[in-house]
Amino acid sequence: MIDDEALIVVSPIAGGDNGSAVGESAVASATNVPSALPQGRAKRTLTWWRLGMITFVFTCSGPGGLEQVVKAGGPLLALVGIFVMPVVYVVPQVVVVAELASMMPTNAGCVWWVYRGFGRFAGFYSAWTCAISNMVDCAGYPLFIVEYISSSYYTDMPFWSVKVPLRLGFLAFGTAASLASTKDLSNVATAGFAVTVVIIVTVFFRSTPNIRPAAQWAYINDVASLDYSLLGSSLLWMYTGWATLGSLAGEVTGTRVLYQGMTAALSLDVFVYTTALLASLTVAEAGLWDAGYISVCFNRVLVGIGPYFGAAVIFSSCILFVSVLVCYSRSLWGMASLGWIPRIFTKELSTGAPHVAVFAHVFVAVCLMWFDFSFIVQVEYTLSAASDIMMDASFLRLRYIDAAAERPYRVPGGKAVAWIITLLKVLVVGGTCVAGLLQWRVLVAFLGVNVGVCLGYAGLRYYQPQQPLPSTLTGSPNRSIGDGDEVEEGQVSDNEFELKPTRTARDEDTTMKA
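Since this is a predicted model, take the numbers as computed values, not measurements. (Residues numbered from 1 in each chain as written. Predicted model: local features only at pLDDT ≥ 70, side-chain atom pairs only at ≥ 80, totals over all residues. Heavy atoms only, no water.)

**Some thoughts on helix α14 (residues 373-401)**
With 29 residues, α14 should reach 42 Å at 1.5 Å per residue; the first-to-last C-alpha distance of 42 Å fits that figure. Remark: the principal bend of α14, roughly 40°, maps to A385. Most of α14 sits inside the fold, with 24 of its 29 residues counted as buried. (Helix = DSSP H or I, 4+ residues; strand = E, 2+ residues; numbered from the N terminus. Expected span 1.5 Å × (residues − 1). Bend = angle between axes of the 7 residues up to and from the residue. Buried < 20%, exposed > 50% of the residue type's maximum accessible area, 1.4 Å probe, protein only.)

Dropping the structure here:
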């Protein structure tokens, strides 16, 4: 349980490379986060371009995943999806994360955001479903990397003697690299970005004279044979990670860094996916699309480049895996700070990496990496749908119940735009979830996880009936939250979700002058 006394401490946001404060707005935002939650490092080093490189590697890293999209829906739907998904899914995600992270700058990310918006049960359920889907996601990267190696270098790779040791080796590499600082990671990510993009641009310009849209984009499965679940989940996987990047809110140097860095990365994502697919379609054959096929196509466009491109994708995917572990482990850090998992998960190294949380993700990945890649992707986005929707609903709800809270970055357009972007996200994520549940294996996994999370909350309620809501948020030290519908007698408000305006440094200064 969180120490109520510790929650009253105001921890100002550091800004700039020298760790200086970024102003009164930032101080006001810091009061929205209990000091018991992970605040990030005292000297913050993530500038917008460093965050942009981490975000690019985390959300794209190369054209990997495109093969699954073309396989499920054909090249035309793949091209449409590359441009539609950012509009209906990514841009809403970016602006929502930017506002919530500027309002509540903590490495606990969406764990704390949902808790504040809807109370204890919603926060617990969202945090656990998100954490489990993240662990499922971690299991997919070693599979994807090994399949690319197989396609580029070793087509008849034995499973037990070669594939399994390689998967375990990449897990070990990801574990070691994720324990470095986020600054070190961004420098390595920049190198991976440069190598991958240079090859893609070279092959694209080599292929431009041979682009024939009518002939190359026309083959598409008939509507009855479209795999909507794989199509939707693969497109989401291609643009994954935007919400989880809120877990780096305690590492950035300023309040607008998240927005600027993620916007730059999104532009790179769309560029890489579009150019890689257009180049591949000039030589691709229908029916052969699978993991690693783009490497084969590149080798046909520019003979001899395939193995080098495969190596670049493998390298970038390794850095992507490391980025995933860095962000996902900080979400577990936030759950431990709230008392929902053992506090040992808050342990960190001198680099700021929560190493116990990293090891937990790797352990689960080892248990799950025996499944096929397509199944892992479908399960991941079916499980994460609820937590994604709850984060957006919290963003919308906080616009009403905590309108007075300081928001250094605010999504423009008022509540009307807030409603529009929330509904867009619900339609995209909810539709993918429903399509996934039509497959019995995905349905079994979904039901098992949800039953387990609900039983876990029942156990938490038994051993910890009430949990104090931070007095810095409510203005009332006597208030407690159970399910979000039980509060202690004598609280000052009849609305159990009312969050009162915080007292900022500016208020203190005005009082002293008076």
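From this point, the discussion proceeds with the structure in view.
**Here's the deal with the packing of aromatic side chains**
Inspection of the entire model under this criterion finds 21 aromatic pairs. Both rings, one in W289 and one in Y293, keep their centres 5.0 Å apart while their planes meet at 70°; by these two values the pair is edge-to-face. Exposure class is identical for W289 and Y293. Each is buried. In this structure an aromatic cluster arises from ring pairing among W112, Y115, F121, F124, Y125, W128, W340 and Y457. Geometry around F375 places R441 over its ring, the cationic atom sitting 4.1 Å from the centre. (Phe/Tyr/Trp six-rings, centres within 6.5 Å; stacked < 30°, edge-to-face > 60°. Lys NZ or Arg CZ within 6 Å of the ring centre and 35° of its normal.)

**Comments concerning the packing of helix α12 (residues 306-337) against helix α13 (residues 355-368)**
For the pair α12 and α13, interaxial distance at closest approach is 8 Å and the crossing angle is 110°. Judged by the inter-axis angle, α12 sits roughly perpendicular to α13. The handedness of the crossing between α12 and α13 comes out as right-handed. On α13, the residues touching L325, Y328, S329 and L332 of α12 are A357, V358, A360, H361 and V362. Counted by class, the contact of α12 with α13 contains seven nonpolar, two polar and no charged residues. (Axes fitted to C-alpha atoms, helices over the stretch in contact; angles between N-to-C directions. Parallel < 35°, antiparallel > 145°, perpendicular 65-115°, else oblique. Left-handed = near helix turned anticlockwise from the far one by under 90°. Contact = heavy atoms within 4.5 Å. Nonpolar A, V, L, I, M, F, W, Y, C, P; charged D, E, K, R; others polar.)

**Here's the deal with the environment of R343**
Note that R343 resides in the loop between α12 and α13. Ignoring sequence-local partners within four residues, the contact set of R343 consists of A336 and S337.

**Side note on the side chain of Q68**
The residue Q68 is located in helix α3 (residues 66-103) in this model. We classify Q68 as buried; its relative accessible area is 4%. The contacts of Q68, once residues within four sequence positions are left out, are L230, S234, D290, A291, F373 and S374.

**Quick notes on the pattern of salt bridges**
For the coordinates displayed, the defined rule picks out eight salt bridges. Linking E147 and K163 is a salt bridge whose minimum nitrogen-to-oxygen distance equals 3.2 Å. Here E147, found in helix α5 (residues 120-152), pairs with K163, found in helix α6 (residues 159-178); they are 16 residues apart in sequence, far enough to count as distant. By relative accessible area, K163 is classed as buried at 14%. A salt bridge links D392 to K425, with the shortest nitrogen-to-oxygen separation between them at 2.6 Å. One end of the pair, D392, is in helix α14; the other, K425, is in helix α15 (residues 414-437), and 33 residues separate them in sequence. K425 carries the same exposure label as D392, and that label is buried. Linked through salt bridges whose partners overlap, the residues forming this network are E99, R399 and R407. (Salt bridge = Lys/Arg side-chain N within 4 Å of Asp/Glu carboxyl O.)

**Here's the deal with helix α10 (residues 257-281)**
For α10, with 25 residues, the first-to-last C-alpha span of 36 Å sits near the 36 Å given by 1.5 Å per residue. Across the 25 residues of α10, 18 count as buried, placing the element largely inside the fold.

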